[in-house]
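# Results of the structural survey
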Amino acid sequence: VSYHSSGSRGSVPEVPGGESAFVRGVLARYPPGEFIELVESNGVGYHEKKLGQLFSDGKSPEAAGRIVEMLRKECHNAGVEIRTNCTVT
């Protein structure tokens, strides 16, 4: 998924079951400025590339891991239970 700080959505890959429309809808409701505030409030460094694309600083797996850990923390604080390898009916 790519999302641009200008507010425009990039491409969202098709996923089994047609959930890409759901993903696009969710991203459309999440203002890029709020994500930037979240990243900054968690002390995660980032930089902007062309067309407003935002990337975590550094090229190591740890750089992307900081974003993942930030999102996990936000989920935990909101009481979200993350499940993987599950069938949703």
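So, here's what we can say about the structure.

Conventions adopted
Residues numbered from 1 in each chain as written. Predicted model: local features only at pLDDT ≥ 70, side-chain atom pairs only at ≥ 80, totals over all residues. Heavy atoms only, no water. Helix = DSSP H or I, 4+ residues; strand = E, 2+ residues; numbered from the N terminus. Buried < 20%, exposed > 50% of the residue type's maximum accessible area, 1.4 Å probe, protein only. Contact = heavy atoms within 4.5 Å. Axes fitted to C-alpha atoms, helices over the stretch in contact; angles between N-to-C directions. Parallel < 35°, antiparallel > 145°, perpendicular 65-115°, else oblique. Core = buried A, V, L, I, M, F, W, Y, C linked by side-chain atoms within 4.5 Å. Salt bridge = Lys/Arg side-chain N within 4 Å of Asp/Glu carboxyl O. Phe/Tyr/Trp six-rings, centres within 6.5 Å; stacked < 30°, edge-to-face > 60°. Lys NZ or Arg CZ within 6 Å of the ring centre and 35° of its normal. Arc of directions from axis to C-beta.

## Section: the overall build of the protein chain
If you tally the helices and strands in the protein chain, you get three helices and two strands. Ordering the α and β elements of the protein chain from the N terminus gives α-α-β-β-α. A total of 89 residues make up the protein chain; the buried ones form 17% of that total. Relative to all contacts within the protein chain whose residues are 6 or more apart in sequence, the contacts with residues 24 or more apart total 36%.

## Looking at the packing of helix α2 (residues 32-41) against helix α3 (residues 61-77)
Closest axis-to-axis distance for the α2/α3 pair is 11 Å, and the angle between their directions is 100 degrees. The angle between the axes of α2 and α3 places the two elements in the roughly perpendicular class. Contacts between α2 and α3 involve Phe35, Leu38 and Val39 from the former and Ile67, Met70, Leu71 and Glu74 from the latter.

## A word on the environment of Ala64
Along the polypeptide, Ala64 turns up in helix α3. Since its relative accessible area comes to 41%, Ala64 is described here as partly exposed.

## Brief notes about the nonpolar core
Membership of the largest hydrophobic core is limited to five residues, which are Leu38, Val39, Val44, Ile67 and Met70. Looking at this core, the elements that each hand over two or more residues are α2 and α3. Setting aside chain neighbours within four positions, we find Leu38 in contact with Tyr30, Met70 and Glu74.

## Some remarks on the pattern of salt bridges
For the coordinates displayed, the defined rule picks out one salt bridge. A salt bridge links Glu81 to Arg83; the nearest nitrogen and oxygen atoms lie 2.8 Å apart.

## Description of the packing of aromatic side chains
All chains considered together, the criterion is met by one aromatic pair. Seen from the ring of Phe55, Lys49 lies directly overhead, with NZ or CZ sitting 4.6 Å from the centre.

## What to know about α2
Within the sequence span of α2, burial applies to Pro32, Ile36, Leu38 and Val39. All buried residues of α2 project into a common sector of 160 degrees when viewed along the axis, lining one side. Of the exposed residues in α2, those oriented more than 90 degrees away from the buried face are Glu37 and Ser41. Residues of α2 that are buried make contact with β1 (46-48), β2 (54-56) and α3. Just downstream of α2, Gly43 is the residue with a positive phi angle, here 70 degrees.

## Some remarks on helix α1 (residues 20-28)
Side chains three or four residues apart in an α-helix point the same way, a direct result of the helix having 3.6 residues per turn. Of all the positions in α1, only Ser20, Gly25 and Leu27 are classed as buried. Looking straight down α1, one finds its buried side chains confined to an arc of 165 degrees; they lie on one side.

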